[in-house]
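For reference, the chains in residue letters:
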Amino acid sequence: MASIDGDKGSGKLGTFAGVFTPSVLTILGIILFLRLGYVVGSAGLGQALVIIALANTISILTSISLSAVATNLKVKGGGDYYLISRTLGMDFGGSIGLVLFLAQSVSIAFYCIGFAEAASVFFTDPTAMTTRLIAFGAVSFLFIFAWLGADWASKFQFVVMALMIAALISFFWGGFVHWDSALLKSNWFNGENQVPFWVLFAIFFPAVTGFTQGVSMSGDLADPGKSLPLGTFLAVGISLLVYFATALVFSAAMPNADLAANYGAMKSVAKYGFLIDAGVIAATLSSAMASFLGAPRILQSLSADRVFSFLNPFAKGHGLSNNPRRGILLSAAIAFAVIALGQLNLVARVVSMFFLISYGLLNYATFFEARAASPSFRPRFKWFSPSLSLVGCLICAGVMLAIDVRSSAAAIAVLFAIHQYLKRTAGPARWSDSSRAYHIQQVRNHLLEAKKYPPHDRDWRPRLLIFDHGENKREALLSFSSWIEGGAGFATALHVFEGEGAVARKKCNDILKELTGFIADRQLSIYPLTVCAPEFTDALGILIQGAGFGPITPNTIVLNWFSYPGDSIPSRNQYHYAQQLRTVFRFGLNLVVLWTGADTWDRLGQTPVEGRHIDVWWKNDATSRLMLLFAYLMKRTKPWSGATIRVLTQGTGSNVEIEKEALGQILEDVRIEAKAVVVSSFDPKIVVETSQDAAMVFLPFILKANQLTDATGKSFDLSLPRLPVCALVLAAQDIDLDSEPEEGPAALIAAATDALETAKKKAVKAEKHADNARETLAALNLKLTRLEDGVSGSIPLEKHKELKKKLDTAEADAKKAVRHAVKAKVKAEDVAKTAEEVIDETISKKP
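What you are looking at is a predicted structure, and each value in this text was computed from that prediction instead of being measured. (Residues numbered from 1 in each chain as written. Predicted model: local features only at pLDDT ≥ 70, side-chain atom pairs only at ≥ 80, totals over all residues. Heavy atoms only, no water.)

Quick word on the overall build of the chain
Right, on to step 1. Scanning the chain from N- to C-terminus turns up 28 helices and 12 strands.
Right, on to step 2. Taking the contacts inside the chain whose residues are at least 6 apart along the sequence as the reference set, 81% of them involve residues at least 24 apart. (Helix = DSSP H or I, 4+ residues; strand = E, 2+ residues; numbered from the N terminus. Contact = heavy atoms within 4.5 Å.)

Written out as structure tokens, the structure reads:
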């Protein structure tokens with residue numbers, strides 16, 4: 001159990017002084033003394049108890065969530081803001097931090113207005129201006145204590161608690177004196193009530209918001225992890241009992257009409273009315289004091305995190321306790337501004353909306369933390385449940401809409417606007433939150449689910465392994481790779497450093513930092529990876545087989561065109577380069593080789609987006625379909641969104657129109673918008689004449705005699721130097737661009753499963769027929785034996801011959817049935833083996 005008095009040596013607060021006292025004094029405050037009677041009288045006891053229960057359900061559920069997070073983190077200054085920001089991240093934390101600061105600052109005015117209403121009874125003919133002046137004076141008085149620090153304020157709270165206890169004793173004493181059971185029964189309903197339920201709820205709800213006052217003081221607690229759960233639940237539990245008991249006493253002591261018309265009903269019921277006045281004054285000042293301490297500390301924590309640059313000056317504290325005096329000044333200014341409204345009920349609605357948002361987010365933050373399933377989420381609070389946190393969040397959202405749709409929508413809009421502002425302007429995260437853990441858990445869940453389904457051509461997406469080799473052509477290689485990934489696939493930039501030992505590992509880490517920075521500066525959706533290996537060629541096969549995870553393994557290799565001494569992968573010569581490509585191809589991976597000349601990349605960057613066109617040289621094979629798909633994916637990226645695609649195929653004479661119509665039909669079937677063009681041949685000269693004005697050209701290539709050749713078997717030296725940026729493609733996998741859902745591996749598995757089921761049924765049927773044949777043969781054998789033994793001597797000789805003939809026929813049938821059953825069983829086993837092989841093959845196949 002946390003210390004009651006705190007660690008006096010360190011000047012920190014314990015559970016009683018730091019959490020329980022400020023929380024319970026805020027809960028048992030202005031609403032209890034000045035508005036609970038009005039709520040009971042207007043709603044009737046039945047509805048009033050529902051209002052109290054619903055409001056406290058929110059506080060209890062939120063306290064459970066708060067306790068879970070508080071016992072999982074070393075809670076520092078900032079209370080709710082700290083918990084939410086360290087869970088949901090800077091965007092949510094920053095937006096809710098501002099809302100919480102405003103809510104607490106507005107609460108100062110809220111409670112001081114209540115104090116002014118109570119104190120105004122001591123004046124003859126008080127006016128609205130009198131109430132405001134008293135409220136201004138109360139803010140000024142409390143400002144002094146807040147300015148001096150939390151220690152002075154906590155001493156003030158003990159005096160307040162004594163007065164409040166005295167006031168409650170006086171009230172319950174008077175209530176038992178005036179107790180009328182018949183009146184209690186008649187007050188259960190209020191048939192004349194004209195005040196809507198949710199209006200009354202909005203008036204009452206600020207009563208339960210005080211349970212987070214201890215959380216706001218988290219930076220001043222000796223042991224927040226122990227003090228926050230214990231102190232908060234004690235405050236909520238005791239205050240809940242007090243509110244239920246007070247509502248019962250009200251209904252048993254005064255008629256509903258009198259309660260609804262008299263804000264001072266508690267004083268009328270109490271044994272000693274002056275103690276109620278003292279309790280009201282003490283409760284309102286104490287609640288305001290708690291908000292005066294909490295709001296500046298939230299602002300200070302928010303400012304220390306440097307979320308909003310214009311709030312940075314408020315991070316500075318004063319003295320050994322780091323008292324946030326600048327935040328105190330700002331909170332006082334906000335309180336003075338709100339007092340000018342002078343309407344307690346109006347202020348209550350505003351405060352209710354702010355706190356409901358913060359409680360909803362606190363519950364969601366805890367649910368989010370739990371759903372992330374991070375091993376680091378180990379709260380010491382054992383009664384936590386993610387479902388309860390989610391329910392708490394949904395209840396908060398529902399209550400907001402029920403109270404006032406327009407106000408809740410405006411509040412959410414403000415929060416959303418702040419969130420979007422931070423999302424666009426905030427720099428890198430200054431702390432670790434649960435977002436990454438949540439996304440990783442979702443990835444895990446989705447990968448496990450994907451494992452249950454066989455691959456299909458409809459699911460195909462590029463999974464690129466990009467061989468980076470230095471800065472020379474990195475810009476072009478990675479940019480091009482991000483285009484053909486098209487926002488649909490995965491890409492890893494792999495740099496292999498040849499070497500061993502500590503020096504090589506250090507160099508590898510340096511290259512990783514450089515590559516990471518390059519990708520981050522250009523905001524590319526590519527993961528960097530560096531590897532040390534003694535020899536690249538020896539490591540190539542292992543790298544290809546070991547890259548990726550689960551179903552997210554590479555299906556396409558992207559690299560630069562060979563240019564000695566090597567801009568792509570370490571290659572001693574072109575022969576060596578072709579050998580490495582052949583190794584990759586044999587492992588079943590597609591090959592994409594990017595060629596850029598000395599100035600072609602710069603020329604591409606100067607080409608207007610709307611004027612670009614992509615040429616795809618089509619031979620109606622697997623490589624052609626892969627190139628067409630890459631061209632389509634490029635169009636989904638911003639730099640190519642306005643480009644057009646030309647698909648060029650070969651045809652001469654009377655075949656021109658036929659080929660063009662056939663290609664157009666293919667494009668129509670695969671649903672890719674492109675222009676079909678027929679050329680006379682794929683000769684390098686024709687390719688250059690046709691595509692020299694294109695922005696990007698996709699060309700098929702062949703690995704022939706350990707060199708790369710074009711589709712005609714000729715050297716690319718005849719075409720590439722005179723072409724724009726080119727992507728040379730060789731497909732190792734065929735993709736059906738117009739595959740139907742009923743086709744592919746799933747259909748094969750279904751057919752194999754159906755065949756197996758049919759074979760099993762036939763085998764069972766054959767076995768059953770064989771059993772019947774055996775039974776018939778056995779029965780005939782028995783009859784014949786009895787006849788021959790003379791047991792059935794009355795049977796004629798003709799009958800003996802007939803039975804003998806039937807026996808021979810049955811024996812032949814039985815042998816035939818047994819053979820058929822054996823064959824059916826063997827066939828079923830073969831079908832089962834084949835089905836198993838089909839299933840294994842289709843599941844392991846890389847789509």
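Having put the structure on the table, let's press on.
Some thoughts on the nonpolar core
Right, on to step 1. Formed by 138 residues in total, the largest nonpolar core has its most connected members in F33, F204 and Y243.
Right, on to step 2. Judged by nonpolar contacts, the second largest core, of 52 residues, contains L477, V592, L628 and I672. (Core = buried A, V, L, I, M, F, W, Y, C linked by side-chain atoms within 4.5 Å. Buried < 20%, exposed > 50% of the residue type's maximum accessible area, 1.4 Å probe, protein only.)

Considering a negative patch on the surface
Right, on to step 1. The grouping of E498, E500, E535 and D538 at the surface amounts to a negative patch.
Right, on to step 2. Tracing the backbone through its elements, the reader meets D538 in helix α21 (residues 536-546). (Patch = residues over 30% accessible without salt bridge, like charges linked within 9 Å, V, L, I, M, F, W, Y side chains within 5 Å. Areas by Shrake-Rupley, 256 points an atom, 1.4 Å probe, with all protein chains shown as cover. Salt bridge = Lys/Arg side-chain N within 4 Å of Asp/Glu carboxyl O. Lys, Arg positive; Asp, Glu negative; His and termini not counted. Charge placed at Lys NZ, Arg CZ, Asp CG, Glu CD.)

Some thoughts on the pattern of salt bridges
Right, on to step 1. In the structure shown here, the tally under the stated rule is 10 salt bridges.
Right, on to step 2. With its nearest N and O atoms 2.8 Å apart, the salt bridge here joins R474 to D468.
Right, on to step 3. Taking the relative accessible area as the measure of exposure, R474 reaches 3% and is therefore buried.
Right, on to step 4. One network of salt bridges, with partners in common, ties together D468, R474 and E514.

Some thoughts on the environment of G653
Right, on to step 1. With respect to the helices, strands and loops of the structure, G653 is situated in the loop between β7 (644-650) and α25 (655-670).
Right, on to step 2. According to the relative accessible area criterion, G653 is exposed, its value standing at 64%.
Right, on to step 3. Sequence-wise, G653 and S680 are 27 residues apart; in three dimensions their C-alpha atoms are separated by 8.8 Å.

Notes on empty space enclosed by the protein
Right, on to step 1. Inspection of every chain in the model, using the stated rule, returns two cavities of 30 Å³ or more.
Right, on to step 2. Size it by volume and the second largest cavity reaches roughly 60 Å³.
Right, on to step 3. Along the walls of the second largest cavity sit F682, V687, L699, P700, D710, A711, F716 and S719, which together make up its complete lining. (1 Å grid on protein atoms, 1.4 Å probe; cavity = no way out; pocket = protein on both sides within 12 Å on 5 of 7 lines; lining within 4 Å. Points joined across faces, edges and corners; volume = space filled by probe spheres on them.)

Thoughts on the sheet that holds β7
Right, on to step 1. Pairing is mixed in the open sheet, where 10 strands are placed in the order β3-β2-β1-β4-β5-β12-β9-β6-β7-β8. Where the open sheet ends on each side, the last strands, each with one partner, are β3 (527-533) and β8 (675-679). With direction set aside, neighbouring strand axes in the sheet form an average angle of 25 degrees.
Right, on to step 2. In terms of strand pairing, strand β6 (residues 613-617) meets strand β9 (residues 696-700) through three bridges, oriented parallel. Opposite V616, over in β9, you have F698 as the bridge partner.
Right, on to step 3. Where α21 meets the sheet, it contacts β1 (463-468), β2 (490-498) and β3, and its direction lies at approximately 155 degrees from that of β2. (Pairing = 2+ DSSP bridges. Axes fitted to C-alpha atoms, helices over the stretch in contact; angles between N-to-C directions.)

Quick notes on a nonpolar patch on the surface
Right, on to step 1. A surface patch of nonpolar side chains, amounting to about 640 Å² of accessible area, comprises I165, I169, W173, V177, Y272 and F274.
Right, on to step 2. At four residues, the largest contribution of residues to the nonpolar patch is made by helix α6 (residues 150-177).
Right, on to step 3. Summarising the element assignment, I169 is placed in helix α6.

Remarks on the packing of aromatic side chains
Right, on to step 1. Within the structure shown, the criterion is met by 34 aromatic pairs.
Right, on to step 2. Centre to centre, the rings of F16 and F20 are 5.6 Å apart; their planes meet at 25 degrees, and the pair counts as stacked. Taken together, the residues span about one helical turn, with F16 and F20 both in helix α1 (residues 15-27) at a distance of four residues.
Right, on to step 3. For F16, a relative accessible area of 29% puts it in the partly exposed group.
Right, on to step 4. On the basis of relative accessibility, which here comes to 11%, the residue F20 falls in the buried class.
Right, on to step 5. Between F211 and Y359 the ring centres are 4.9 Å apart and the planes differ by 40 degrees, which places this aromatic pair in the tilted class. Of this pair, F211 sits in the loop between α8 (197-204) and α9 (213-216) while Y359 is found in helix α15 (residues 344-371), placing the two residues 148 residues apart along the sequence. For the pair formed by F211 and Y359, the shared burial category is buried.
Right, on to step 6. Within the aromatic cluster, the residues linked to one another by ring pairs are F197, W198, F201, F205, F211, F355 and Y359.
Right, on to step 7. Residue placement shows R35 over the ring face of Y263; its charged tip is 3.7 Å from the ring centre. (Phe/Tyr/Trp six-rings, centres within 6.5 Å; stacked < 30°, edge-to-face > 60°. Lys NZ or Arg CZ within 6 Å of the ring centre and 35° of its normal.)

Focus on the confidence of the model for the chain
Any region with low pLDDT has predicted coordinates that should not be read closely.
Right, on to step 1. The predicted model of the chain has a mean per-residue pLDDT of 83, with 85% of residues at 70 or higher.
Right, on to step 2. Every residue in residues 1-11 is under pLDDT 50, and counting partners more than four places away or in other chains gives 20 contacts. (pLDDT = per-residue confidence, 0-100.)

With respect to the environment of G214
Right, on to step 1. Of note, G214 is situated in helix α9.
Right, on to step 2. Residue classification places G214 among the buried residues on the basis of a relative accessible area of 0%.
Right, on to step 3. Sequence-wise, G214 and F16 are 198 residues apart; in three dimensions their C-alpha atoms are separated by 9.7 Å.
Right, on to step 4. With near-sequence residues (within four places) excluded, G214 lies in contact with G18, V19, S23, L221 and L228.

Topic: the side chain of S303
Right, on to step 1. Mapped onto the elements, S303 comes out in helix α13 (residues 273-304).
Right, on to step 2. Judged by relative accessible area, S303 falls into the buried class, the value being 2%.
Right, on to step 3. A distance of 2.7 Å separates a polar atom in the side chain of S303 from the backbone oxygen of L299.
Right, on to step 4. Leave out the neighbours within four places in its chain, and S303 touches L311, N312, F314 and A315. (Polar contact = N/O pair within 3.5 Å; in protein donor to acceptor, adjacent residues only side chain to side chain.)

Description of unusual backbone geometry
Negative phi is the rule for most residues except glycine; trans is the rule for most peptide bonds.
Right, on to step 1. Phi is positive for R306, which is not a glycine, with a value near 55 degrees.
Right, on to step 2. Looking at the secondary structure, you find R306 in the loop between α13 and α14 (325-339).
Right, on to step 3. Of note in this structure, Q523 is not a glycine but carries a positive phi near 50 degrees.
Right, on to step 4. Within the secondary structure layout, Q523 lies in the loop between α20 (501-521) and β3.
Right, on to step 5. Note on Q523: relative accessible area 73%, which makes it exposed.

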